[in-house]
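The chain contents come next:
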Amino acid sequence: MQTAVSTVAPSAALSERDAARTVAEVRLTPILIADPPLLNTHGVHQPYTPRLIVEVVTEDGTTGVGETYGDTRYLELAAPLAKALPGHLISDLNGLAALADRVCAPPEQTSDSVSAGGLRGVQTADKLRLSVVSGFEVALLDALGKTLGLPVHALLGGRVRDRVDYSAYLFYRLAEHPQGQGEPDTWGAALDPEGVVAQARRFADTYGFGSFKLKGGVFPPEEEVAAVRALAEAFPGRPLRLDPNGAWSVETSVKVARDLADVLEYLEDPAGGTDGMAEVAAATGVPLATNMCVTTFAEIPEAFTRGAVQVVLSDHHYWGGLRNTQHLAAVCRTFGVGLSMHSNTHLGISLAAMTHVAATVPNLDYACDTHYPWQTEDVITRRHTFHDGALPVSDLPGLGVELDRDALAVLHQRWLDDDGTMRDRDDAAAMRKADPRWRTPSVPRW
């Protein structure tokens, strides 16, 4: 059962070409996917995390697919957009954004209302809407590509590379979820430098990744410095990154940057906010990256003019889609700011979209992040396969992926069967199952 299905009756006046390019139906399917017990400064990933699968069906039966966050507040914004979209052309991407502005205002909220954004910084209603629009835009592009017989990267202007490099995403992690919940895996715990290095070796051996990012903010900084040093010794000369998600003070951030200046490719969001990042940047030569203090165009001027960040980690879910990601890349190029790509707990649809847009960006300066090797479930018929740490850029029409309806039904049924505890991501709540005293730490933690 989909949570929203919207249709319009075919019109006899529609030409054959118009029918192929007009939205007749939109399907929204919320799902819960298995997630391992990965640690971060707020707690631990829940056993299952919500995603939303968007299907746009044209009058002639062509289906385009998209994917985005599936938490309750995203579903509340997606439903009215799904209802309003039928009758619109799949090529009218500018109209999609304007339509969302009209119909996706949360009840009794304004675009200025905010809520705790956790690992992605402060959230506003505008940011939530952009994340919803991103899933719809990808679905429209997929449908348009299938209709025209063109890959999505061709619709975005054409690829400038045949493969997109990705980085191993390392996490401190528990051996299993608290209270025996979730799905088992074969990774085991990683709670010290030895565990982190063992994890990195498996990523390198299995997927060929040549760069490594460690999610920090979990243990005292000196322990995480030791882990990065262990990685540098195990993989000499390989690019290394550390991301504590704003868990450190300016003073601590500067100390860690200086301690690791000879091995870090960049340090991601060590301190919270543009003010803190600007102070750290002024005191160290290590490039600072962000996906927290710069996630909208409105946040760019202050951060760039103050030199607070040297690398932006783009994410088409945050920025409102693939075309906005290209706009962001152009702004970064203009200001001489580096560009990479951030990852969330994405499935194969989002990874395909990410790869298509990454293929079109000339100034993709760093390998992209990806959680994908951590995900054991998917909604596409054929999982993506990394070779030498990269994905080939597909030339098949649209995204080049096919929806696995059986898998989608299973994951949707899991969402239906849930009592509501997993439908909104809450890392602190998940951590309290292991430690009832756990509360979301105030930042800076150190």
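This text gives an overview of the structure that appears in the document. Here the structure is a predicted model, which means the values were calculated and not measured.

### Here we look at the side chain of aspartate 315
Within the fold, aspartate 315 resides in the loop between β15 (311-314) and α11 (316-319). For the buried aspartate 315, which has no salt bridge, the nearest side chain bearing the opposite charge is arginine 51, at an N-O separation of 7.4 Å. With residues near it in sequence (within four places) discarded, aspartate 315 still touches Tyr69, Thr325, His342 and Asn344.

### A look at the side chain of serine 249
With respect to the element layout, serine 249 can be found in the loop between β12 (240-243) and α8 (250-259). Discounting residues that sit within four places of it in the chain, serine 249 has contacts with Pro444 and Trp446.

### Focus on the pattern of salt bridges
This structure, assessed with the given rule, holds 27 salt bridges. Salt-bridge contacts for arginine 51 lead to glutamate 67; the nearest nitrogen and oxygen are separated by 2.9 Å. Separated by 16 residues along the polypeptide, arginine 51 in strand β5 (residues 48-58) and glutamate 67 in strand β6 (residues 63-69) bring together distant segments of the chain. Like glutamate 67, arginine 51 is buried.

### Some thoughts on the sheet that holds strand β10 (residues 168-171)
The seven strands lie next to each other as β10-β11-β12-β13-β14-β15-β16, forming an open sheet whose pairing is parallel. A strand with exactly one partner marks an edge of an open sheet, and here the two such strands are β10 and β16 (338-341). Direction aside, neighbouring strands of the sheet carry axes that sit 25° apart on average. Across four bridges, the pairing between strand β11 (residues 212-215) and β12 is parallel. Among the inter-strand pairings, leucine 214 is bridged to a residue of β12, identified as leucine 242.

### Description of the environment of glycine 400
With respect to the secondary-structure elements, glycine 400 resides in the loop between β17 (390-392) and α14 (405-417). Relative accessible area serves as the criterion here: at 29%, glycine 400 is assigned to the partly exposed category. Sequence separation of glycine 400 and alanine 353 is 47 residues, and the distance between their C-alpha atoms is 9.5 Å.

### Regarding unusual backbone geometry
The step from valine 443 to proline 444 runs through a cis peptide bond, and the omega angle for that step is 0°. Following the sequence through the fold, proline 444 ends up in the segment after α15 (427-432). The phi dihedral of aspartate 388 falls on the positive side, at around 50°, and the residue is not glycine. Relative to the assigned elements, aspartate 388 resides in the loop between α13 (348-360) and β17.

What counts and how
Residues numbered from 1 in each chain as written. Predicted model: local features only at pLDDT ≥ 70, side-chain atom pairs only at ≥ 80, totals over all residues. Heavy atoms only, no water. Helix = DSSP H or I, 4+ residues; strand = E, 2+ residues; numbered from the N terminus. Buried < 20%, exposed > 50% of the residue type's maximum accessible area, 1.4 Å probe, protein only. Lys, Arg positive; Asp, Glu negative; His and termini not counted. Salt bridge = Lys/Arg side-chain N within 4 Å of Asp/Glu carboxyl O. Contact = heavy atoms within 4.5 Å. Pairing = 2+ DSSP bridges. Axes fitted to C-alpha atoms, helices over the stretch in contact; angles between N-to-C directions.

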